[in-house]
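Examining the three-dimensional arrangement
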Amino acid sequence: NAGVTQTPKFQVLKTGQSMTLQCAQDMNHEYMSWYRQDPGMGLRLIHYSVGAGITDQGEVPNGYNVSRSTTEDFPLRLLSAAPSQTSVYFCASSQERLAGVTDTQYFGPGTRLTVL
Amino acid sequence: GDSVTQMEGPVTLSEEAFLTINCTYTATGYPSLFWYVQYPGEGLQLLLKATKADDKGSNKGFEATYRKETTSFHLEKGSVQVSDSAVYFCALSTRSGGSNYKLTFGKGTLLTVNP
């Protein structure tokens, strides 16, 4: 198993550009989520999905879109990049959404994004 | 809303020293509690977890006990190694409605262990 994979590892954008951060998992997990990590802020939830075709907003969703057309993939789209979106982005997945509160999340290696 | 407060870092220790990283939480209902660790340049990985009051999670010499009466989940290790240098995150998981749940993280504590 590759686990949770993310591409690219690093990306530099100019203000106003758009891009998609890719996330894939091969563990057949139903639950997937995107976080951003900023210094002194911990991890904050951007969007999550409890299964193919179902997505919902997290704590900081503005400026980001997601879709979940398959169980394996959960891309994060930046519509018009802003310097405030400079951050490290982590994708995560977990097995169960019903048992949820006891479940472990598996994290990808992260994408470091800089917006100039 | 749910929140996690962990001790501010950075924490710098010598090898074989005793480690405590404090974590307290606020949550409705009965959360599960976690410690995640992030090594330099990597994503987070689960270190240990506890799902109900008085449970003790343990892994790699680290321990934490779910204390409902003090709403705490402090991380401890009796003898740290240089390889334990990392950022440690306390987190809780609660239901966010229906069958969904969410994970709330603390801000992280950077631990540096010197030889």
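Please read these numbers as outputs of a predicted model, since none were measured by experiment.

1. Remarks on the overall build of chain A
Within chain A, the regular secondary structure consists of 0 helices and 11 strands. In chain A, the succession of α and β elements from N to C terminus is β-β-β-β-β-β-β-β-β-β-β. Against the compact-globule benchmark of 13 Å for 116 residues, chain A has a radius of gyration of 13 Å, which places it among compact chains. Each principal axis of the C-alpha atoms in chain A carries an extent, and together these give about 40 × 30 × 25 Å. When the 116 residues of chain A are sorted by exposure, 49% land in the buried category. Long-range pairs, those at least 24 residues apart, make up 55% of the contacts in chain A with a sequence separation of at least 6. Within the structure as shown, chain A displays about 5200 Å² of accessible surface, and the carbon and sulfur contribution to it stands at 50%. Each charge sign in chain A was given a centre, from 8 positive and 9 negative side chains, and these centres are 12 Å apart.

2. Points about the pairing of strand E5 (residues 32–38) of chain B
Residues and elements named next belong to chain B. Summarising burial for E5: 7 of the 7 residues are buried, a large majority. Both faces of E5 are covered, namely the face carrying Ser32, Phe34, Tyr36 and Gln38 and the face carrying Leu33, Trp35 and Val37. Where E5 lies against strand E6 (residues 44–50), 6 bridges are found, and the strand directions are antiparallel. What sits directly across from Leu33, in E6, is Ala50.

3. Some remarks on the environment of Cys23 of chain B
Residue and element names in this part refer to chain B. Position of Cys23 relative to the elements: it lies in strand E4 (residues 23–26). With 18 residues separating them in the primary sequence, Cys23 and Thr5 have C-alpha atoms 5.7 Å apart. Apart from residues no more than four positions distant in its own chain, Cys23 is found in contact with Val4, Thr5, Gln6, Trp35, Thr71, Ser72, Phe73, His74 and Cys90.

4. Looking at the nonpolar core
Leu19, Trp35, Leu47, Leu48, Phe73, Leu75 and Tyr88 of chain B are the most contacted members of the largest nonpolar core, which totals 26 residues. For this core, the elements supplying multiple residues, two or more each, are strand E2 (11–14), strand E3 (19–21), E4, E5, E6, strand E8 (62–65), strand E10 (86–97) and strand E12 (109–114) of chain B. Other than its neighbours up to four places away in sequence, Leu75 of chain B contacts Leu19, Thr20, Ile21, Trp35, Leu47, Leu48, Phe62, Glu63, Ala64 and Tyr88 of chain B. Residues Ile46, Val66, Cys91 and Val115 of chain A belong to the second largest nonpolar core, which totals 19 residues.

5. Quick word on the pattern of salt bridges
Residue and element names in this part refer to chain A. Following the criterion strictly, the structure yields 5 salt bridges over all chains and no others. Close ionic contact of Asp38 with Arg36 constitutes a salt bridge, the shortest N to O distance being 2.9 Å. Neither residue differs from the other here; Asp38 and Arg36 are each classed as buried. Measuring nitrogen to oxygen at the nearest pair gives 2.8 Å for the salt bridge that ties Arg44 to Asp38. Here Asp38 falls in the buried class, since its relative accessible area comes to 12%. Among the ionic contacts, a cluster of salt bridges with common partners joins Arg36, Asp38 and Arg44.

6. Considering the state of the cysteines
On inspection of all chains with the given rule, the structure shows 2 disulfides over all chains. Cys23 of chain A shares a disulfide with Cys91 of chain A; S-S distance 1.8 Å. Between Cys23 of chain A and Cys91 of chain A the disulfide shows an S-S torsion of about -70°. By sign, it is left-handed. Here Cys91 of chain A lies in strand E9 (residues 87–94) and Cys23 of chain A lies in strand E3 (residues 19–25), a separation of 68 residues in the sequence. We note that Cys23 of chain A, like Cys91 of chain A, is buried. Here Cys23 of chain B pairs with Cys90 of chain B through a disulfide, and the sulfurs are 1.9 Å apart. A torsion of -70° about the S-S bond marks the disulfide between Cys23 of chain B and Cys90 of chain B as left-handed. A residue pair is termed long-range when its members are at least 10 positions apart, and Cys23 of chain B in strand E4 and Cys90 of chain B in strand E10 qualify at 67 residues.

7. Here we look at the sheet that holds strand E7 (residues 56–59) of chain B
Hydrogen bonds along the backbone pair up the strands of a sheet, which may run parallel or antiparallel. Residues and elements named next belong to chain B. Pairing in this open sheet of 4 strands is antiparallel, and the strands run E3-E9-E8-E7 from one edge to the other. The open sheet is flanked by E3 and E7, the only strands paired with a single partner. Strand-to-strand, the axes of this sheet are offset by a mean angle of 15°, without reference to chain direction. Pairing analysis gives 3 bridges linking E3 to strand E9 (residues 75–77), with the strands arranged antiparallel. Paired with Thr20 across the two strands is Glu76, which belongs to E9.

What counts and what doesn't
- Here, residues in each chain are numbered from 1, in the same order as that chain's written sequence.
- Just so you know, chain letters begin at A and ligand numbers begin at 1, following the order they were written in.
- Owing to the predicted nature of the model, reporting of local features is limited to residues with pLDDT of at least 70; listing and counting of side-chain atom pairs is limited to 80 or more, with chain, interface and lining totals taken over all residues.
- Neither water nor hydrogens contribute to the side-chain values; these are computed over all heavy atoms in the structure.
- Think of it this way: any DSSP run of H or I at least four residues long counts as a helix, any run of E at least two long counts as a strand, and we number them from the N terminus.
- What the globule rule says is 2.2 Å times the number of residues to the power 0.38, and the radius of gyration is computed from C-alpha atoms.
- Relative accessible area decides the class of each residue, using a 1.4 Å probe on protein chains only: under 20% of the type maximum gives buried, over 50% gives exposed, and in between gives partly exposed.
- We call two residues contacting when some pair of their heavy atoms lies within 4.5 Å.
- Shrake-Rupley sampling with a 1.4 Å probe provides the accessible areas, and residues are treated as covered by the protein chains on show and by no other component.
- We count Lys and Arg on the positive side and Asp and Glu on the negative side, and we leave His and both chain ends out.
- Each charge is placed at NZ for Lys, CZ for Arg, CG for Asp and CD for Glu.
- Strands qualify as paired when DSSP identifies two bridges or more between them.
- Joining through side-chain atoms within 4.5 Å is the link that ties buried Ala, Val, Leu, Ile, Met, Phe, Trp, Tyr and Cys residues into a set, and such a set is a nonpolar core.
- When a carboxyl oxygen of Asp or Glu is within 4 Å of a side-chain nitrogen of Lys or Arg, the pair counts as a salt bridge.
- We call a pair of cysteine sulfur atoms a disulfide when they lie within 2.5 Å.
- Note on geometry: axes are C-alpha line fits, over the in-contact stretch for helices, and angles between N-to-C directions span 0 to 180 degrees.

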